[in-house]
Amino acid sequence: MNIILLGPPGAGKGTQAQRLVERFGMRQLSTGDMLRAAVKAQTAVGLQAKAVMERGELVSDEIVSALIGEELDAMGPSVGAIFDGYPRTAAQAESLDGILAARGRQLDHVIELGVDEDALVERITGRYTCATCGKGYHDTFEQPKVAGVCDKCGGTEFKRRPDDNEATVRTRMAEYRAKTAPILPLYEARDLVKQIDGMAPMDDVTGKIAAIIKG
Ligand code: AP5
């Protein structure tokens, strides 16, 4: 099973991908997470990507497609893939077809999370993650059960992304509208798109995606 989660910044792609990993043993392939790891490790890719990400613009198609190919090779052929934040341009969509075909995989579903953009700014500026295990939280919508202690690993350090400020979020949304939304018709023409209300409670969204995966 290979699925794409598509939606603007803050639509819930990462949240849902983490839940599907736990439920179905699939692997989350988040180009955002891969790029942030590269920035942290100060690799050549990270040095190129850092300023672009801080502005909220898109990193080059070649870089992200290469990262996806490497990650798929590392995870082996029998594990299902959840593409989170990739593809984001028509060129990336075309690359993904070639990357999957070369590995004997095919795309099963493109799940579009429909959301109200005004609500997304609140979602994004309020979110943070455990610095140890990466579990996501939100100031209003999802707090740890014990204040200051991660539910998953017991960690007590939390962090926020440098691109989660309102100005950068607006640029990221504009990039989504201009470059990512136009790839949806390509997948609609192949009858791959399923639309889900991303404004529904998180558990409902997970249930709907799970139903699609189970067929
Ligand atoms: P990336 O890391 O992919 O960020 P993004 O697409 O902007 O998406 P986000 O991670 O912000 O949102 P999300 O949809 O995962 O929402 P989340 O689940 O966290 O990319 C960052 C940057 O890297 C890009 O700007 C670009 O520069 C670069 N990049 C990455 N991929 C690239 C590519 N392919 N090509 C070129 N450049 C690339 O949810 C948000 C919050 O809302 C959370 O706090 C969550 O708890 C809450 N929430 C989620 N669902 C719900 C719900 N149903 N109800 C209430 N709250 C909810």
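All figures in this text were calculated on a predicted structure; none of them were measured in a lab.

Engineer: Run through the site of the ligand, naming residues and quoting values.
Structural biologist: Every one of the 34 residues lining the ligand counts as a neighbour, but Thr15, Glu57, Arg88, Arg127 and Arg172 are closest to it. The side chain of arginine 88 places a nitrogen or oxygen atom 2.6 Å from an oxygen atom of the ligand. Between the ligand and arginine 172, the relevant distance is 2.6 Å, taken from an oxygen atom to a side-chain nitrogen or oxygen of the residue. For the ligand, the protein covers 94% of the area, taking 1,000 Å² as the surface of the free molecule. Looking at the shell around the ligand, the elements that each hand over two or more residues are helix H1 (13–24), helix H2 (31–41) and strand S6 (136–138). If you tally residues by element for the shell around the ligand, the top one is H2, at four residues. Its residues placed into classes, the shell around the ligand shows 14 nonpolar, 10 polar and 10 charged.

Engineer: Please provide a residue-by-residue account of the sheet that holds strand S1 (residues 2–6), values included.
Structural biologist: In spatial order, the strands read S2-S3-S1-S4-S8; together these five strands make up an open sheet with parallel pairing. Looking at the sheet topology across the chains shown, the edges are occupied by strand S2 (27–30) and strand S8 (193–197). Adjacent strand axes in the sheet meet at a mean angle of 25°, parallel and antiparallel pairs treated alike. Both S1 and strand S3 (residues 81–84) contribute to a ladder of four bridges, which runs parallel. Counterpart to asparagine 2 in the pairing with S3 is alanine 81. Across the face of the sheet, helix H9 (residues 202–214) comes into contact with S1, strand S4 (109–114) and S8 while running at roughly 160° to S8.

Engineer: Can you tell me about unusual backbone geometry, naming the residues and giving the values?
Structural biologist: A cis geometry characterises the amide bond from tyrosine 86 onward to proline 87, with omega recorded as 0°. Looking at the secondary structure, you find proline 87 in the loop between S3 and helix H5 (90–102). The residue glutamine 42 is not glycine, and still its phi comes out positive at about 55°. Considering the arrangement of structural elements, one finds glutamine 42 in the loop between H2 and helix H3 (44–55). The residue aspartate 191 is not glycine, and still its phi comes out positive at about 60°. Structurally, the position occupied by aspartate 191 is in the loop between helix H8 (184–188) and S8. By relative accessible area, which is 67% here, aspartate 191 ends up exposed.

Engineer: Could you give an account of H9, naming the residues involved and the relevant values?
Structural biologist: Across its 13 residues, H9 extends 18 Å between first and last C-alpha, which sits within 8% of the 18 Å expected from 1.5 Å per residue. Where H9 is buried, its residues contact S1, H1, S4 and S8. Of the residues one or two after H9, glycine 215 is the one with positive phi, at around 75°.

Engineer: Give me the lowdown on the pattern of salt bridges, citing residues and values where you can.
Structural biologist: According to the stated counting rule, one finds 17 salt bridges in the structure shown. Where arginine 160 meets aspartate 139, a salt bridge forms, and the shortest distance between an N and an O atom there is 2.9 Å. Taken together, the positions of arginine 160 in the loop between strand S7 (158–159) and helix H7 (166–180) and aspartate 139 in the loop between S6 and S7 put the pair 21 residues apart, joining distant regions of the chain. The exposure class assigned to arginine 160 is partly exposed, which follows from its relative accessible area of 45%.

Engineer: Before we move on, could you go through the nonpolar core and cite the residues and values that matter?
Structural biologist: Counting 30 residues, the largest nonpolar core has Ile68, Leu72, Phe83 and Tyr187 as the members making the most contacts within it. Mapped onto this core, the elements with two or more residues apiece are S1, H2, H3, helix H4 (61–75), S3, H5 and H8. Looking at this core element by element, the count peaks at six residues for H4. With near-sequence residues (within four places) excluded, isoleucine 68 lies in contact with Leu29, Thr31, Met34, Phe83, Tyr86, Leu96 and Ile99. In this structure, Ala11, Leu20, Ala200 and Ile213 belong to the second largest nonpolar core, which totals 15 residues.

Scoring rules and cut-offs
Residues numbered from 1 in each chain as written. Predicted model: local features only at pLDDT ≥ 70, side-chain atom pairs only at ≥ 80, totals over all residues. Heavy atoms only, no water. Near = heavy atom within 4 Å. Polar contact = N/O pair within 3.5 Å; in protein donor to acceptor, adjacent residues only side chain to side chain. Areas by Shrake-Rupley, 256 points an atom, 1.4 Å probe, with all protein chains shown as cover. Helix = DSSP H or I, 4+ residues; strand = E, 2+ residues; numbered from the N terminus. Nonpolar A, V, L, I, M, F, W, Y, C, P; charged D, E, K, R; others polar. Pairing = 2+ DSSP bridges. Axes fitted to C-alpha atoms, helices over the stretch in contact; angles between N-to-C directions. Contact = heavy atoms within 4.5 Å. Buried < 20%, exposed > 50% of the residue type's maximum accessible area, 1.4 Å probe, protein only. Expected span 1.5 Å × (residues − 1). Salt bridge = Lys/Arg side-chain N within 4 Å of Asp/Glu carboxyl O. Core = buried A, V, L, I, M, F, W, Y, C linked by side-chain atoms within 4.5 Å.

So yeah, pure geometry; function would need other evidence.
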